[in-house]
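# Descriptive analysis of the structure
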Amino acid sequence: MSQVSTAPRQEIRRTDQETTRHRPSARRGLTVIGLALLFGGIVLALPLHGIDPWAQRVLAIVTTSLVLWIGEGLDLAVTSIAVIAMLAVFGPKGSSESTHDALFGFQQTAGYFILSTLIVATATVRSGLAARLARVLIAGAKGSARRMYFQLVVFMPFFAMMVPSATTRNAILLPAYDHVYERYGVERGDAVSKSISLALALLQMIASTAVLTGGVLPITAAFLLGGMSWGEWFRYMAVPCYLVIFISSIILFVWQRPRLDAPRAVEPEQTASPGSKRVPWDPAEVRSAIVIGVMTLLWLNDFLTGWDPLIPALLGGVVLLAPGIGVINWKDFESSSPWTLFLVTGSALSIAHAMEESGAASWLANNLLSHVPLSSMPDPLLLLTLLVVVVPVSVLLPNRSGALGILIPLLTSICVKIGVNPIPIGLMASLVVQTTTFYSMQNSSTLLVYQSRHFAPFDLLRGGLIVFGVSSLVIVTIAVPWWSLVGLPLHP
């Protein structure tokens, strides 16, 4: 076990060194900060009609923060703190109330859910469970980048059934793939690691969207659309989601064209299967696997327990940290440095709350549709028009459930006026929101992968545009006819 426990620490130090190496220069950082303030000031000074002054200030804050996040003018965590400060300083209420509202995101469950899943991820590394998974991946790849990449893609839907949270799956898989890269001599940022990391960052969430228990987004969407059972949601969303995954994965692979030679040296025990006698299961691995399995069962059976997804995650984290029965201690967890993810998630939820409460998001969405003759459009053009409306709201609102909370009611009211079934339009919005990932701070799952520094921001942007293009094509040509076939026609 000594090898297993020291390797993660070396990987953490290596990641910190790579992160430092990728930090922007002072000149570039000051340029991005200047642009952020400039664009924010322009939004603040524009003569926008029919908008509340607080809503306009929120739009200016959102613009400033997006430029800082996308351009990395400041460290991600520092930008997140700045967002909270701006919301508190420029809020419409007294100082105390505005500060309380600015901290809205840290009063929600999402950030604590992320911390809990990172405890699970740390436990899989320190116990050796991630290394065992890496051995399976090494044995399955057999020296082929194509095999390594597509076995990940093929198993995404099945893995999403077992572990619904895309953030949890990425937290488990990232250290496993880092072990694989080390064994194969793959450098950070190589086409092999870049293609796999982009697949993890862009496609894992879509696999979660196919199942109702896959996260906050499908649960929020199903609630806003009047409620759906697990089977109904899967029947509607599995076909379009899986098509987007497989088509996008092929295009992303061809784009990167990764090449991988046979491994330089893989020790005999490293190629052993998980059940091999040469690599027996360590008690810590068994305990980690049991905890993850129980957490997954509780997530899948939430209709019986009535528990919020955070509760199994918190209980699993406590067990894994508990002395005697756990596999890690708090110092092990601290060394994984999860606080950037926590701060970014909290600030993103605070922005979403401010956009909703101020009316900024509704003003933006309504103005996008004010002069568009939707009722006279043919169906393909109508879908593309509504799709174009969803994108800016999804991009501006870093929180996906917050975006749906604004978009689905708005789209439903529009559909009622023009005689279109709102449910397929709401499902379309859910898929578009999940496939418009253009920068890392849009969701915790992508941010977690981005922190590994296997790809640059513009790699993520280009990959996100590819997935969005595939998603748009699938919606218009496959999803809408499929929904009509299973009882959800566009025109009731």
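Residues numbered from 1 in each chain as written. Predicted model: local features only at pLDDT ≥ 70, side-chain atom pairs only at ≥ 80, totals over all residues. Heavy atoms only, no water.

## Looking at the overall build of the protein
We count it as follows: For the purposes of this entry, the term helix denotes a DSSP run of H or I that reaches at least four residues, the term strand denotes a run of E that reaches at least two, and both are numbered from the N terminus. Categorising residues by exposure relies on relative accessible area from a 1.4 Å probe, with only protein chains included: less than 20% of the type maximum marks a residue as buried, more than 50% marks it as exposed, and the intermediate range marks it as partly exposed. By definition, residues are in contact when any of their heavy atoms lie within 4.5 Å. Each accessible area is a Shrake-Rupley estimate made with a 1.4 Å probe; only the visible protein chains count as cover when residues are assessed.
If you tally the helices and strands in the protein, you get 23 helices and zero strands. In the protein, which comprises 492 residues, the share counted as buried stands at 55%. Within the protein, contacts between residues separated by at least 24 positions form 79% of all contacts whose residues are at least 6 apart in sequence. Roughly 20700 Å² of accessible area belongs to the protein as shown, and the carbon and sulfur atoms make up 66% of that amount.

## Details of the nonpolar core
The test is simple: The nonpolar core is taken to be a set of buried Ala, Val, Leu, Ile, Met, Phe, Trp, Tyr and Cys residues, with the residues joined through side-chain atoms within 4.5 Å.
Core analysis: the largest hydrophobic core is formed by 141 residues, its most contacted members being Ile 196, Leu 203, Ile 425, Leu 427 and Trp 483. When residues no more than four places from it in sequence are discounted, the contact partners of Ile 425 are Leu 383, Leu 386, Leu 411, Cys 415, Val 420 and Leu 490.

## A few points about the side chain of His 353
Within the fold, His 353 resides in helix H17 (residues 339–358). Sequence-distant contacts of His 353, defined by excluding residues within four places in its chain, comprise Asp 101 and Phe 104.

## As for helix H12 (residues 230–256)
Side chains of residues three or four places apart in an α-helix project in the same direction, reflecting 3.6 residues per turn. Condition: Take the residue count of a helix, subtract one, and multiply by 1.5 Å to get its expected span. The seven residues ending at a residue and the seven starting there each receive a fitted axis; the angle between those axes is the bend at that residue.
An ideal rise of 1.5 Å per residue puts 39 Å on 27 residues; H12 measures up with 36 Å between its terminal C-alpha atoms. By the largest-angle criterion, Met 237 marks the main kink of H12, which is about 45°, and a proline, Pro 240, follows within four residues. One or two residues past the end of H12 sits Arg 257, with phi positive at roughly 45°.

## Re the packing of aromatic side chains
Which entries qualify depends on this criterion: Two rings from Phe, Tyr or Trp (for Trp, the six-membered ring) form a pair when their centres are within 6.5 Å of each other. A pair whose planes differ by under 30 degrees is stacked, one over 60 is edge-to-face, and the rest are tilted.
For the structure shown, the criterion picks out eleven aromatic pairs. Grouping aromatic residues by their ring pairs yields a cluster made of Phe 106, Tyr 112 and Phe 342.

## Considering the side chain of Gln 56
Among the structural elements, Gln 56 can be located in helix H3 (residues 53–71). When its relative accessible area of 11% is taken as the criterion, Gln 56 is described as buried. Residue contacts for Gln 56: discarding those within four places in its chain leaves Val 43, Leu 44, Ala 45, Leu 46, Leu 48 and Ile 51.

## Section: the packing of helix H9 (residues 166–184) against helix H10 (residues 191–209)
For clarity, the cut-off: To obtain an axis, a line is fitted to C-alpha atoms, over the contacting stretch when the element is a helix, and the angle between two such axes runs from 0 to 180 degrees between their N-to-C directions. Small angles under 35 degrees read as roughly parallel and large ones over 145 as roughly antiparallel, with 65 to 115 read as roughly perpendicular and the rest as oblique. In this scheme the handedness of a crossing depends on how the near helix is turned from the far one: anticlockwise by less than a right angle means left-handed, clockwise means right-handed.
One way to put it is that H9 packs onto H10 with a least axis distance of 10 Å and a crossing angle of 160°. As judged from the angle between their axes, H9 and H10 are roughly antiparallel. The chirality of how H9 crosses H10 is right-handed. Residue-level contacts link Ala 166, Arg 169, Asn 170, Leu 173, Leu 174, Tyr 177 and Tyr 181 of H9 to Ser 193, Ile 196, Ser 197, Leu 200, Gln 204, Met 205, Ala 207 and Ser 208 of H10.

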